[in-house]
Amino acid sequence: MTPESPSRPITEAEPALDEPLLLAFAPLHKRAFGTAIGIVTGLLIFVVTVYQVLVPPDGASTALLAQYLQGYSLSWKGAFIGLAWGLAVGFVMGWFVAFVRNLVIATSVFITRTRQELRATRDFLDHI
């Protein structure tokens, strides 16, 4: 090997740099993200409702959720109805967030790639 050449090939360093970038720009799985958000939202509504059934609130309560979630009430039955509504609403919210995030990332990668390709070929006709 000559003194100017690296002791190891450049291709060994590239995967180490590319892997974090691939993970950062990888699309989110919409159904999995929606399911995760739905489960967390449903359990949160369930736990808060059960807590307020067991320990009656002095001030603010979740009774206002009955205005938004049909069938919900501050009771044991309402806790399970809130769980079902939380699963459904959380799934839709999570799916939509993953969809928008994937769309924004794909669009920004496309725009950046197109700009770089145009910049690289800008003086193409000057060399003919």
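Here's a quick rundown of the structure. All values derive from a computational prediction rather than experimental measurement. (Residues numbered from 1 in each chain as written. Predicted model: local features only at pLDDT ≥ 70, side-chain atom pairs only at ≥ 80, totals over all residues. Heavy atoms only, no water.)

Section: the overall build of the chain
Along the chain, the regular secondary structure elements total three helices and zero strands. Starting at the N terminus and ending at the C terminus, the chain contains elements arranged as α-α-α. For the chain, with 128 residues in total, the buried portion stands at 16%. In the chain, the proportion of contacts linking residues at least 24 apart, taken out of those at least 6 apart, comes to 66%. For the chain, the accessible area works out to roughly 10,100 Å², and carbon and sulfur atoms hold 70% of it. (Helix = DSSP H or I, 4+ residues; strand = E, 2+ residues; numbered from the N terminus. Buried < 20%, exposed > 50% of the residue type's maximum accessible area, 1.4 Å probe, protein only. Contact = heavy atoms within 4.5 Å. Areas by Shrake-Rupley, 256 points an atom, 1.4 Å probe, with all protein chains shown as cover.)

Describing the side chain of Thr62
Tracing the sequence through the fold places Thr62 in the loop between α2 (30-54) and α3 (76-120). Given the relative accessible area of 13%, Thr62 is considered buried. Separated by 2.8 Å, the side chains of Thr62 and Tyr72 make a polar contact. (Polar contact = N/O pair within 3.5 Å; in protein donor to acceptor, adjacent residues only side chain to side chain.)

Observations concerning a nonpolar patch on the surface
There is a patch of nonpolar side chains on the surface, built from Phe91, Val92, Trp95, Phe96, Phe99, Val100, Leu103 and Val104 and spanning about 710 Å² of accessible area. Structurally, the position occupied by Val100 is in helix α3. (Patch = residues over 30% accessible without salt bridge, like charges linked within 9 Å, V, L, I, M, F, W, Y side chains within 5 Å. Salt bridge = Lys/Arg side-chain N within 4 Å of Asp/Glu carboxyl O.)

Notes on the packing of aromatic side chains
Applying the stated criterion to the full structure yields two aromatic pairs. Geometrically, the ring pair formed by Phe46 and Phe80 is tilted, given 5.0 Å between the ring centres and 55° between the ring planes. Note that Phe46 is positioned in helix α2 and Phe80 in helix α3, a separation of 34 residues in sequence. (Phe/Tyr/Trp six-rings, centres within 6.5 Å; stacked < 30°, edge-to-face > 60°.)

Regarding the environment of Val50
Residue position: Val50 is located in helix α2. With relative accessibility at 14%, the residue Val50 sits in the buried group. With 29 residues separating them in the primary sequence, Val50 and Ala79 have C-alpha atoms 6.3 Å apart. Not counting chain neighbours up to four residues away, the residues in contact with Val50 comprise Trp76 and Ala79.

Notes on the environment of Phe91
Along the chain, Phe91 turns up in helix α3. Spatially, the C-alpha atom of Phe91 lies 4.1 Å from that of Gly34, the residues being 57 residues apart in sequence. Not counting the four nearest positions on each side in its chain, Phe91 is found in contact with Arg31, Gly34, Thr35, Gly38 and Gly86.

A short note on the packing of α2 against α3
Running from amino to carboxyl end, α2 crosses α3 at an angle of 150°, the nearest separation of the two axes being 6 Å. It follows that α2 is roughly antiparallel to α3 by the angle criterion. When the axes of α2 and α3 are compared, the crossing they make is right-handed. A per-class count over the contact of α2 with α3 returns 19 nonpolar, twelve polar and two charged. (Axes fitted to C-alpha atoms, helices over the stretch in contact; angles between N-to-C directions. Parallel < 35°, antiparallel > 145°, perpendicular 65-115°, else oblique. Left-handed = near helix turned anticlockwise from the far one by under 90°. Nonpolar A, V, L, I, M, F, W, Y, C, P; charged D, E, K, R; others polar.)

Looking at α2
Between its first and last C-alpha, α2 extends 36 Å over 25 residues, near the 36 Å set by a 1.5 Å rise per residue. Looking at the packing, one finds that the buried side of α2 touches α3. (Expected span 1.5 Å × (residues − 1).)

Side note on the environment of Leu69
As for its placement among the helices and strands, Leu69 is situated in the loop between α2 and α3. You can call Leu69 buried: its relative accessible area is 9%. Leu69 sits 17 residues away from Gly86 along the chain, and the two C-alpha atoms are 9.1 Å apart. Among all residues touching Leu69, those that are not within four sequence positions of it are Ile45 and Trp85.

These figures capture arrangement, not role.
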